[in-house]
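These are the residues of each chain, in order.
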Amino acid sequence: MRHILVSKFADHQPLYRQSAIYARAGVDLDRSTMARWIGACGTLLRPLVEALRRYVLAPGNGQIKTGRLWVYVRDDRNSGSVAPPAVWFAYSSNRQGQHPRSHLAQFSGVLQADAFAGYNEVYVDGRIQEAGCMAHARRKIHDLHARRATPTTTEALRRIGELYAIEAQIRGQRPDRRRDIRQQQAGPLLDDLGSWLRERLLTLSTQSDTTKAINYLLNQWQALTYCEDGRVEIDNNIAENALRGCCLGRKNFLFMGADSGGERAAAMYSLIGGAKLNGIDPQAYLRHVLTHIANHPINRIDELLPWNVAEQLRR
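Nothing here was measured: the structure is a model prediction, and the numbers come from that model.

Visitor: Break down the overall build of the chain for me, with residues and values.
Guide: When helices and strands are counted, the chain shows 13 helices and five strands. For 315 residues, the compact-globule estimate of 2.2 N^0.38 gives 20 Å, and the C-alpha radius of gyration of the chain, at 22 Å, lies within 12% of that figure. Judged by the C-alpha coordinates and their principal axes, the chain covers about 70 × 40 × 35 Å. By the burial criterion, 49% of the 315 residues in the chain qualify as buried. If you sum the accessible surface of the chain, you get close to 15,700 Å²; carbon and sulfur atoms cover 48% of it. With 42 positive and 31 negative side-chain charges, the chain shows a spacing of 5 Å between the two charge centroids.

Visitor: Please provide a residue-by-residue account of the pattern of salt bridges, values included.
Guide: When charged atoms on two side chains of opposite charge get close, those side chains can pair. Under the criterion given, the structure shown has 15 salt bridges. A salt bridge links arginine 158 to glutamate 162, with the shortest nitrogen-to-oxygen separation between them at 2.8 Å. With arginine 158 and glutamate 162 both in helix α6 (residues 151–170) and four residues apart, this pair spans about one turn of that helix. For glutamate 162, a relative accessible area of 30% translates into the label partly exposed. Across the pair aspartate 229 and arginine 231 runs a salt bridge, and its minimum N-O distance is 2.7 Å. When salt bridges that share partners are traced, they join Glu50, Arg53, Arg54 and Asp302 into one network.

Visitor: Please provide a residue-by-residue account of the packing of aromatic side chains, values included.
Guide: Here the distance between the centres and the angle between the planes together describe a pair of aromatic rings. All chains considered together, the criterion is met by seven aromatic pairs. When the centroid spacing of 5.5 Å and the interplanar angle of 85° are considered together, the rings of phenylalanine 9 and tyrosine 269 count as edge-to-face. Judged by relative accessible area, phenylalanine 9 falls into the buried class, the value being 4%. The class of tyrosine 269 is buried, set by a relative accessible area of 5%. Aromatic side chains phenylalanine 116 and tyrosine 119 sit 5.3 Å apart centroid to centroid with 90° between the ring planes, which places their arrangement in the edge-to-face category. The residues phenylalanine 116 and tyrosine 119 share a single accessibility class, namely buried. One aromatic cluster is present, formed by Phe9, Phe89 and Tyr269 through successive ring pairs. Sitting over the ring of tyrosine 55, arginine 74 keeps its end group 4.1 Å from the ring centre. Sitting over the face of the ring of tryptophan 221, arginine 198 holds its NZ or CZ atom 5.8 Å from the ring centroid.

Visitor: How would you explain the nonpolar core if you had to name every residue and give the values?
Guide: Of all hydrophobic cores here, the largest spans 59 residues; its most connected members are Phe9, Leu48, Leu104, Leu111 and Tyr285. By size, the runner-up hydrophobic cluster in this structure holds 28 residues, among which are Ala131, Leu144, Leu163 and Leu190.

Visitor: Tell me what's going on with the environment of glutamine 184, and back it up with residues and numbers.
Guide: Inspection of the secondary structure assignment puts glutamine 184 in helix α7 (residues 175–201). By relative accessible area, glutamine 184 is classed as exposed at 58%.

Visitor: How would you sum up the environment of glutamate 240? Please name residues and give values.
Guide: Among the structural elements, glutamate 240 can be located in helix α10 (residues 237–253). Between the C-alpha atom of glutamate 240 and that of leucine 286, which follows or precedes it by 46 residues, the distance is 24 Å.

Visitor: Go over the side chain of histidine 12, please, and point to the residues and values.
Guide: Take histidine 12: it is sitting in the loop between α1 (2–9) and α2 (15–24). There is a polar contact of 3.1 Å between the side chain of histidine 12 and the backbone oxygen of alanine 10.

Visitor: Provide a residue-level description of unusual backbone geometry, including the pertinent values.
Guide: Although it is not a glycine, histidine 12 sits at a positive phi angle of roughly 65°. By relative accessible area, which is 10% here, histidine 12 ends up buried.

Conventions we followed
- Residues numbered from 1 in each chain as written.
- Predicted model: local features only at pLDDT ≥ 70, side-chain atom pairs only at ≥ 80, totals over all residues.
- Heavy atoms only, no water.
- Helix = DSSP H or I, 4+ residues; strand = E, 2+ residues; numbered from the N terminus.
- Rg over C-alpha atoms; globule rule 2.2 N^0.38 Å.
- Buried < 20%, exposed > 50% of the residue type's maximum accessible area, 1.4 Å probe, protein only.
- Areas by Shrake-Rupley, 256 points an atom, 1.4 Å probe, with all protein chains shown as cover.
- Lys, Arg positive; Asp, Glu negative; His and termini not counted.
- Charge placed at Lys NZ, Arg CZ, Asp CG, Glu CD.
- Salt bridge = Lys/Arg side-chain N within 4 Å of Asp/Glu carboxyl O.
- Phe/Tyr/Trp six-rings, centres within 6.5 Å; stacked < 30°, edge-to-face > 60°.
- Lys NZ or Arg CZ within 6 Å of the ring centre and 35° of its normal.
- Core = buried A, V, L, I, M, F, W, Y, C linked by side-chain atoms within 4.5 Å.
- Polar contact = N/O pair within 3.5 Å; in protein donor to acceptor, adjacent residues only side chain to side chain.

Just distances and angles here, no functional claims.
Next comes the structure, spelled out in C-alpha cells:
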C-alpha cells in the first residue's frame, strides 16, 4: 500500500498507469481497488494529519508561508531555528477567502503569502500580520523582460537582485542578526528601489504594460518591507516549492474525481511533504505509520509525526 501511495503522491503516477505497471509484472490490480485502499488509508491517517495541522498552525510560532489545494509551511530554518519543518495541505472546492479565514482561525503570527485578495480579511484585526512575497511582486516585471528587455525592466531586476544577494549571505543566521543586517544594507536599497520605481512611472504611459507591472509591485509595498522582522523571508518560495509536486501530479492525474479525492490528496501531500522536509524517505515513513497507527493511542498521535520518528527510521 505504501508503494501505491508514494507512486501516486510523490512520483505522480496515476492509478491507471500503476495498474498497467503491475500487470506487466503479472499482478492483476484494478485501479478501483487501489482507489478504495487509498480511501481507507486516508481515514486511518486522519488523526495524524490533524496533528500535523495543529503543529503547522500553532498560534504564535513564527511565520507560515502560504502561498484549491492550500499549502501552509512552517519552516524557520533560514532564520536559525531548530524547530522541525512541516507542511500542511488543505483542500477546498473553490478559492474563496472563507477558506484561509477558517484555516487560520486559531493562528496568530506572521502570514507570508502572495497578494491574493482572499487573504485580506485575515489581517483586519491585527492578530495576523502580513508579509508579502517579492518573487510574486517581481514576476510581472520579469515576464516583460523575458519577452522584450528594456532599460527599465533591466534596472528593476538588477535592483531586486541586490536584495536577494543580501538574503543569501544571511540565510541560517538568527532573527536579530538578520534584522540588523537587513536594516543596514537592504533597507536603503528598498527605499531607493521604491523611489526609483515611482520616478519611472512619471515617464511611462499610464496604460503601458511596464506601468501595470510597476504598480502591481508598488501596491504591495508595505507588505514587501520585510527588514523589520528577521523571522520572515523575502518571498514565500518555500511554500511554492512545496506545491511543485502537486503541479506535476495535476498534469498527470487531470482530475481528483470528487471532493473526497481532493481531501485524500491533501492528506497524503501533507504526510509525504513532511517526510521530505525532515529528510525521511516517504515510503519508509508511510510503512512505519501504517504499521503502527491502528494500535497507537490517539492521545499520543504526535509521536508519529515525521520528525519524531526520523532518527528511528534513519537507523
